[in-house]
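Now for the letters of each chain:
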Amino acid sequence: MKKIIFKINSLFILIIMILTMSNNIYVIANSDVNITNDGLKYEIDETKKEVTIIDFDDSITNLNIPDNIEGYPVTTIKSTAFEYSKLIKVTIPGTVKNIEFRAFAGSQLEEVEFLDGVTSIGESAFAGCNKLTNVKLPNTITEIKLLAFSFCTRLKKIDIPKSTQVIYSAFNESGISEVFLEDGILSIPPHAFEGCKDLISIKIPDSVTSIGEFAFSNCNSLGSLDIPKSVINIDD
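Once a new chain begins, its residue numbering starts again from 1 and follows that chain's sequence as written. Two thresholds apply to this predicted model, a pLDDT of at least 70 for residue-level local features and 80 or more for giving and counting side-chain atom pairs, whereas whole-chain, interface and lining totals are computed over all residues. For side-chain calculations, the full set of non-hydrogen atoms in the structure is used, while hydrogens and water are omitted.

### Some points on the pairing of strand E15 (residues 178-181)
Now for step 1: Covered by surrounding structure in E15 are Val 179 and Leu 181 only, the residues Glu 178 and Phe 180 on the alternate face being uncovered.
Now for step 2: Paired strands, as defined in this entry, are two strands with at least two bridges between them according to DSSP. Elements are defined by DSSP. Helices are runs of H or I of four residues or more, strands are runs of E of two residues or more, and each kind is numbered from the N terminus. Bridging between strand E13 (residues 157-160) and E15 involves four bridges; their strand directions are parallel. Note on E15: the bridge partner recorded for Ile 160 is Leu 181.
Now for step 3: In terms of strand pairing, E15 meets strand E17 (residues 201-203) through three bridges, oriented parallel. Bridge pairing links Phe 180 to Lys 203 in E17. When a residue's accessible area, from a 1.4 Å probe over protein chains only, is under 20% of the maximum for its type it is buried; when over 50% it is exposed; and in between it is partly exposed.

### Examining the nonpolar core
In globular proteins that are soluble, nonpolar side chains generally tend to be buried together.
Now for step 1: Core analysis: the biggest nonpolar cluster contains 62 residues, and Ile 92, Phe 104, Phe 149 and Phe 193 have the highest contact counts within it.
Now for step 2: Where this core is concerned, the elements lending two or more residues are strand E2 (40-45), strand E3 (50-56), strand E6 (72-77), strand E7 (89-92), strand E9 (111-114), E13 and E15.
Now for step 3: Note on contacts: a residue pair qualifies if any of its non-hydrogen atoms lie within 4.5 Å across the two residues. Residue contacts for Phe 149: discarding those within four places in its chain leaves Phe 114, Ile 121, Phe 126, Leu 132, Val 135, Ile 144, Leu 155, Ala 170, Phe 171 and Ser 174. In these notes, a set of buried Ala, Val, Leu, Ile, Met, Phe, Trp, Tyr and Cys residues joined through side-chain atoms within 4.5 Å is what counts as a nonpolar core.

### Remarks on the packing of aromatic side chains
The description of an aromatic ring pair rests on the distance of the ring centres and on the angle between the ring planes.
Now for step 1: Ring pairs shown here join Phe, Tyr and Trp side chains whose ring centres sit within 6.5 Å, with only the six-membered ring taken for Trp; geometry is labelled stacked below 30 degrees between planes, edge-to-face above 60, and tilted in between. Counted by the stated rule, this structure contains eight aromatic pairs.
Now for step 2: Considering the side-chain rings of Phe 104 and Phe 126, the 4.9 Å spacing of their centres and the 5° angle between planes classify their relative orientation as stacked. Of this pair, Phe 104 sits in the loop between strand E8 (98-99) and E9 while Phe 126 sits in the loop between strand E10 (120-121) and strand E11 (134-136), and the two are 22 residues apart along the sequence. Phe 126 matches Phe 104 in its accessibility class, with the two residues each being buried.
Now for step 3: Between Phe 126 and Phe 149, the aromatic rings sit 5.2 Å apart at their centres with planes inclined by 5°, giving stacked as the arrangement.

Printed below as a string of structure tokens:
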């Protein structure tokens with residue numbers, strides 16, 4: 001009988017510990033969360049002295065993300081922070097260096113503006129934003145990661161600045177039909193425009209010297225491609 005009581009008590013204590021730990025974890029995770037007057041939720045990393053945007057008031061439809069909060073630069077937009085949101089337009093400041101996985105995926109966005117300073121757009125960051133029609137990339141962008149604008153079916157045109165070094169199937173299954181590559185781009189990376197089934201026009205500037213493998217794979221609407229004499233290497 002004592003053993004049974006002991007086991008019941010032990011189980012009860014274990015359950016209480018788990019619940020307590022769960023509550024503690026919740027409190028710890030939210031203990032440093034703050035909210036701006038505009039409804040942005042953020043965390044401050046006191047060690048790195050920088051701010052991460054983690055969530056927001058879903059009633060906001062037009063958002064200019066600030067470049068600093070409480071004197072610290074806003075450097076990161078956390079994974080899924082604005083996923084499936086009602087945002088229609090967003091401006092991202094140049095202090096932001098990390099736009100994490102699915103940060104804006106599936107949202108109602110129609111327009112995105114990246115200010116000079118932004119260098120990277122994360123994996124699937126804007127995937128499935130099927131109302132997105134206007135994207136302005138800054139001259140500082142260096143990489144557009146895997147599926148960043150995939151399934152953005154109303155996005156028809158994109159201008160790629162010469163600073164861009166990595167584009168990895170970023171526009172797969174999007175509505176992109178026209179691509180402008182800025183003169184000064186040295187190479188078209190592997191898988192760059194893979195899966196752009198509606199792509200019909202792309203002008204490759206004379207500055208390009210190499211085209212990576214599968215750069216235009218499954219671009220079914222691209223009837224022909226004018227390759228300048230400057231290109232000396234095309235990977236199979």
